[in-house]
Structure formats: C-alpha cells, structure tokens
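Structural description and commentary
The lines below spell out each chain.
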Amino acid sequence: DAGVIQSPRHEVTEMGQEVTLRCKPISGHNSLFWYRQTMMRGLELLIYFNNNVPIDDSGMPEDRFSAKMPNASFSTLKIQPSEPRDSAVYFCASSVGGAGYGYTFGSGTRLTVV
Amino acid sequence: AQSVSQHNHHVILSEAASLELGCNYSYGGTVNLFWYVQYPGQHLQLLLKYFSGDPLVKGIKGFEAEFIKSKFSFNLRKPSVQWSDTAEYFCAVSTNAGNMLTFGGGTRLMVKP
C-alpha cells in the first residue's frame, strides 16, 4: 500500500499564477479531505469528498480555490490566481467507512507564493 | 457541532520526564477519539485511537491515552519521553453521526536532550 500520494512535494510560484495540487487516495478509501496548515491558523479543513462528491466546502477560503474529484483515485486542489497569503502546507487525507476509522494523511505539498 | 480543546499549546520537557497532554471535547453522544503526531517537516501520523471497550488505549512508541467519559477527556501520556518525541500532537474526535474528524489546535512538544 503506497499510502496517500501527493504531488508536487514543493511548489514555488509567482503571485498571480495558477497552482494545481494533486492527490491520489488509498485504493478503496471513499472519503478524501484537503487541509491547509500554517503557523498562524494551524490545521484547517478546506473541503471533503465522499464517494467523489463534494460534501462540505465551507472551509474553502475564497472563490480562487476550487477542488475536484473526477474519480475515486484522483483529486485536485486549484488556486487561481495565487497570492502570497496562500503559502502553506496543503495536506490530503483519505479514509474508509467514514471518519470513525481515522484518516491517513499524505506527505503534503509545501506551497510558497512569492 | 463538536469541538476539541488542547489547552497546552507548548510543552518543554527534559528527556526521561513523564508526559501528559490534555484533550477535552464537547459532544454528548458516542465518540471515536484519536491522537495524531506530526514530526518536524512531516505529515500527521496516527498514534492511537479509541472506539470502544477498555478506556485505556495503548499506541505506538510507548504512548497511551485514557478516555474518561465523565470528564469528556482523552489525555495522552508517556512515562518517559525521548528527544525523538519532539513533535506536534493533535487530538481529534469523530462522532457516529458524522464523516469528519474535528481536530484540536495541537500541542508542540519539545524534549531537551
């Protein structure tokens, strides 16, 4: 089991550019979560999907953020246009059978917007 | 909605000291409880979890946690910490009614060699 796979591991981009973060959940997991972590705000849930359907996106900070899950094995988080305050580590996590079993986190994408 | 409080934001200990990190949640129904650890520069990893049964749960690396329902608490303990335990620790709660984990704000532990 390769775990939750995120790419890229590091991304440095200029303000105004589009950024796409990718996540491959563990096979068989039916829930997927995107989190953002910063020193100031800690761990924030951005959005989660259940069976590829977005269930709760109330944590998405602005319209500049969008997330998709076209199939059970792939999800993207897009920021367009990016701003320096978007700099953070973005984690993807997946779970099976609901949160009662806990999440498995990916290694994260460290995004720096300059 | 449930919430999770971790009152100790930063803890500094010397090696071999005992550790107890507090976690309190607010939810009146059945809960599942978790502790995650995040080592510097790494992702969150599951330390231990409680679903039901024995309220004293043992996890990896010598950690344990005790669920006290009457106190809505799930404190993390370790009898003797090591320098390698330096990390941030997150308590989390899920309910049978929901599909999400609610995380506490985290506790940063520094162990001095």
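This text gives an overview of the structure that appears in the document. Bear in mind the structure is a predicted one, so any value in this text is a computation, not a measurement.

Remarks on the overall build of chain B
A tally of helices and strands in chain B yields 0 helices and 12 strands. Secondary structure elements of chain B occur, N-terminal to C-terminal, as β-β-β-β-β-β-β-β-β-β-β-β. Expected size for 113 residues packed as a compact globule is a radius of gyration near 13 Å; at 13 Å, chain B falls within 12% of this value. Each principal axis of the C-alpha distribution contributes one length, and for chain B these read about 45 × 30 × 20 Å. Among the 113 residues that make up chain B, the fraction classed as buried is 47%. For chain B, restricting intrachain contacts to residue pairs at least 6 apart in sequence, the fraction spanning at least 24 positions comes to 56%. For chain B, the accessible area works out to roughly 5500 Å², and carbon and sulfur atoms hold 54% of it.

What to know about the pattern of salt bridges
Counted according to the given criterion, the structure contains 13 salt bridges over all chains. Between Glu18 of chain A and Lys78 of chain A there is a salt bridge; the shortest N-O distance is 3.8 Å. Here the residue Glu18 of chain A occupies a position in the loop between strand E2 (10-13) and strand E3 (19-24), and Lys78 of chain A occupies one in strand E8 (residues 74-79), the gap between them amounting to 60 residues. A relative accessible area of 40% places Glu18 of chain A in the partly exposed class. Residue Lys78 of chain A is classed as partly exposed on the basis of its relative accessible area, which comes to 28%. We note a salt bridge from Glu64 of chain B to Lys58 of chain B, for which the minimum N-O separation is 2.9 Å. The network of salt bridges with common partners includes Glu62, Arg64, Glu83, Arg85 and Asp86 of chain A.

Looking at the state of the cysteines
Counted under the stated rule, the structure contains 2 disulfides over all chains. Sulfur-sulfur distance for the disulfide between Cys23 of chain A and Cys92 of chain A comes to 1.9 Å. Because the torsion about its S-S bond is -70°, the bridge between Cys23 of chain A and Cys92 of chain A counts as left-handed. Pair noted here: Cys23 of chain A is in strand E3 and Cys92 of chain A is in strand E9 (residues 88-95), with a separation of 69 residues, a long-range link. The exposure class of Cys23 of chain A is buried, given its relative accessible area of 1%. A sulfur-sulfur separation of 1.9 Å characterises the disulfide bridge that pairs Cys23 of chain B with Cys91 of chain B. On the S-S bond that ties Cys23 of chain B to Cys91 of chain B, the torsion sits near -65°, and the link is left-handed. Of the two residues, Cys23 of chain B sits in the loop between strand E3 (19-21) and strand E4 (24-26) while Cys91 of chain B sits in strand E10 (residues 87-95), which places them 68 residues apart along the sequence.

A look at the environment of Val31 of chain B
Looking at the element boundaries, Val31 of chain B is found in strand E5 (residues 31-38). Spatially, the C-alpha atom of Val31 of chain B lies 4.6 Å from that of Thr95 of chain B, the residues being 64 residues apart in sequence.

A short note on the interface of chain A and chain B
In this complex, chain A contributes 20 residues to the contact, which on the side of chain B involves 17 residues. Elements with a minimum of two residues in the side of chain A that touches chain B: strand E4 (31-38) and strand E5 (42-50) of chain A. Looking at side-chain class alone, the side of chain A that touches chain B contains 11 nonpolar, 8 polar and 1 charged residues.

Focus on the packing of aromatic side chains
All names here are of chain A. Under the definition given, this model contains 18 aromatic pairs over all chains. Seen from their ring centres, Tyr35 and Phe105 are 5.8 Å apart, and the 50° between their planes marks the pair as tilted. With Tyr35 in strand E4 and Phe105 in strand E10 (residues 104-105), the pair connects residues that are 70 residues apart, well separated along the chain. As far as burial versus exposure is concerned, Tyr35 and Phe105 are alike and both buried.

Some points on the sheet that holds strand E7 (residues 65-71) of chain A
Residue and element names in this part refer to chain A. Strand order in the open sheet formed by 4 strands is E1-E3-E8-E7, with antiparallel pairing between adjacent strands. Of all the strands in the sheet, just strand E1 (5-7) and E7 have a single pairing partner and so form its edges. Averaged over all adjacent pairs, the angle separating strand axes in this sheet is 15°, with direction ignored. Where E7 lies against E8, 5 bridges are found, and the strand directions are antiparallel. Bridging across to E8, Asn71 finds its partner in Phe74.

Cut-offs applied
- Residues numbered from 1 in each chain as written.
- Chains lettered and ligands numbered in written order.
- Predicted model: local features only at pLDDT ≥ 70, side-chain atom pairs only at ≥ 80, totals over all residues.
- Heavy atoms only, no water.
- Helix = DSSP H or I, 4+ residues; strand = E, 2+ residues; numbered from the N terminus.
- Rg over C-alpha atoms; globule rule 2.2 N^0.38 Å.
- Buried < 20%, exposed > 50% of the residue type's maximum accessible area, 1.4 Å probe, protein only.
- Contact = heavy atoms within 4.5 Å.
- Areas by Shrake-Rupley, 256 points an atom, 1.4 Å probe, with all protein chains shown as cover.
- Salt bridge = Lys/Arg side-chain N within 4 Å of Asp/Glu carboxyl O.
- Disulfide = S-S within 2.5 Å.
- Nonpolar A, V, L, I, M, F, W, Y, C, P; charged D, E, K, R; others polar.
- Phe/Tyr/Trp six-rings, centres within 6.5 Å; stacked < 30°, edge-to-face > 60°.
- Pairing = 2+ DSSP bridges.
- Axes fitted to C-alpha atoms, helices over the stretch in contact; angles between N-to-C directions.

This is a description of form; function is not addressed.
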